[in-house]
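An overview of the molecular structure
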Amino acid sequence: MILLMPMIPTLIDAEAAAPNGSRKPTVAAPASASPELTARPHRRIFTAQDKLRILADTDRAADTGGIAAILRREGLYSSALTDWRRQRDAGALGALTPAKRGPKIAEPNPLAAEVALLQKENARLALRLKRAEAVMEVQKKLRSCWASRWRPATASLD
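These notes cover the structure that comes with them. (Residues numbered from 1 in each chain as written. Predicted model: local features only at pLDDT ≥ 70, side-chain atom pairs only at ≥ 80, totals over all residues. Heavy atoms only, no water.)

1. Thoughts on the packing of aromatic side chains
Overall, the coordinates contain 1 aromatic pair when judged by the stated rule. Plain terms: the ring middles of Phe 46 and Trp 84 are 5.4 Å apart, the flat faces sit at 65 degrees to each other, and that makes the pair edge-to-face. With Phe 46 in the loop between α1 (11–16) and α2 (48–60) and Trp 84 in helix α4 (residues 78–89), this pair connects stretches of sequence that are 38 residues apart. Note on accessibility: Phe 46 and Trp 84 belong to one class, buried. (Phe/Tyr/Trp six-rings, centres within 6.5 Å; stacked < 30°, edge-to-face > 60°. Helix = DSSP H or I, 4+ residues; strand = E, 2+ residues; numbered from the N terminus. Buried < 20%, exposed > 50% of the residue type's maximum accessible area, 1.4 Å probe, protein only.)

2. As for a nonpolar patch on the surface
Nonpolar side chains collect at one region of the surface, where Val 138, Leu 142 and Trp 146 lie side by side and expose about 300 Å² of accessible area between them. Topologically, Trp 146 is positioned in helix α5 (residues 112–150). Overall, the relative accessible area of 46% leaves Trp 146 in the partly exposed class. (Patch = residues over 30% accessible without salt bridge, like charges linked within 9 Å, V, L, I, M, F, W, Y side chains within 5 Å. Areas by Shrake-Rupley, 256 points an atom, 1.4 Å probe, with all protein chains shown as cover. Salt bridge = Lys/Arg side-chain N within 4 Å of Asp/Glu carboxyl O.)

3. Notes on the nonpolar core
Counting residues in each nonpolar core, the largest one holds 10 residues, listed as Phe 46, Ile 54, Leu 55, Ala 61, Ile 70, Leu 71, Leu 76, Ala 80, Leu 81 and Trp 84. For this core, the elements supplying multiple residues, two or more each, are α2, α3 (66–74) and α4. Ranked by residue count, the leading element in this core is α4, at 3 residues. When neighbours within four sequence positions are excluded, Leu 76 is seen to be in contact with Arg 44, Phe 46, Ile 54, Leu 71 and Trp 84. (Core = buried A, V, L, I, M, F, W, Y, C linked by side-chain atoms within 4.5 Å. Contact = heavy atoms within 4.5 Å.)

4. Brief notes about α2
For α2, spanning 13 residues, the distance from its first C-alpha to its last is 18 Å, which sits close to the expected 18 Å at 1.5 Å a residue. Residues of α2 that are buried in the fold lie against α3 and α4. (Expected span 1.5 Å × (residues − 1).)

5. Comments concerning α3
Taken residue by residue, α3 has Gly 66, Ile 70, Leu 71 and Glu 74 as its buried positions. Take α3 and look down its axis: the buried residues cluster within an arc of 135 degrees, on one side only. For α3, the secondary structure elements touched by its buried residues are α2 and α4. The positive-phi residue at the C-terminal boundary of α3 is Gly 75, with phi of around 70 degrees. (Arc of directions from axis to C-beta.)

6. Some thoughts on the pattern of salt bridges
Here the structure, examined in full by the defined rule, presents 8 salt bridges. Measuring nitrogen to oxygen at the nearest pair gives 2.9 Å for the salt bridge that ties Arg 88 to Asp 59. Taken together, the residues span a long stretch of sequence, with Arg 88 in helix α4 and Asp 59 in helix α2 at a distance of 29 residues. Using a relative accessible area of 44% as the deciding quantity, one classes Asp 59 as partly exposed. Linking Arg 86 and Asp 83 is a salt bridge whose minimum nitrogen-to-oxygen distance equals 3.3 Å. With Arg 86 and Asp 83 both in helix α4 and 3 residues apart, the pair spans about one turn of that helix. Taking the relative accessible area as the measure of exposure, Arg 86 reaches 53% and is therefore exposed. In this structure, a network of salt bridges that share partners links the residues Arg 53, Asp 57, Arg 60, Arg 73 and Glu 74.

Here it is in structure tokens:
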């Protein structure tokens, strides 16, 4: 399905058109986008002071439409106001600061380096134990072999 934009004749098109109507009017090109506009909109970020100021304004607004007027003026929804009030009442002024979006980087565990060192030492000691047990097994086998050779032979006198 093809959609066509309606053509609105302009003064230039009317003058350029032939009197017999054989020429179609042309549509003027749309104005280019303003170079002052950003290509991508950015999310608004409110500082903790802005949030506290807006909360103070809404707390002072006693009349019926006062809070709605403040919300319209600031371009906010009432849910944002509710969240900010809950954070303020919980005493989390730091929670009013905007959080960084995206995946969070976990803080390194201070014991992780010690655990890695202990695991490395454990592996080294396990290998040393395995070698020592192998040496003891060889010594046991050699003792049994050499013990039978050095035993004095009993002479049988018949």
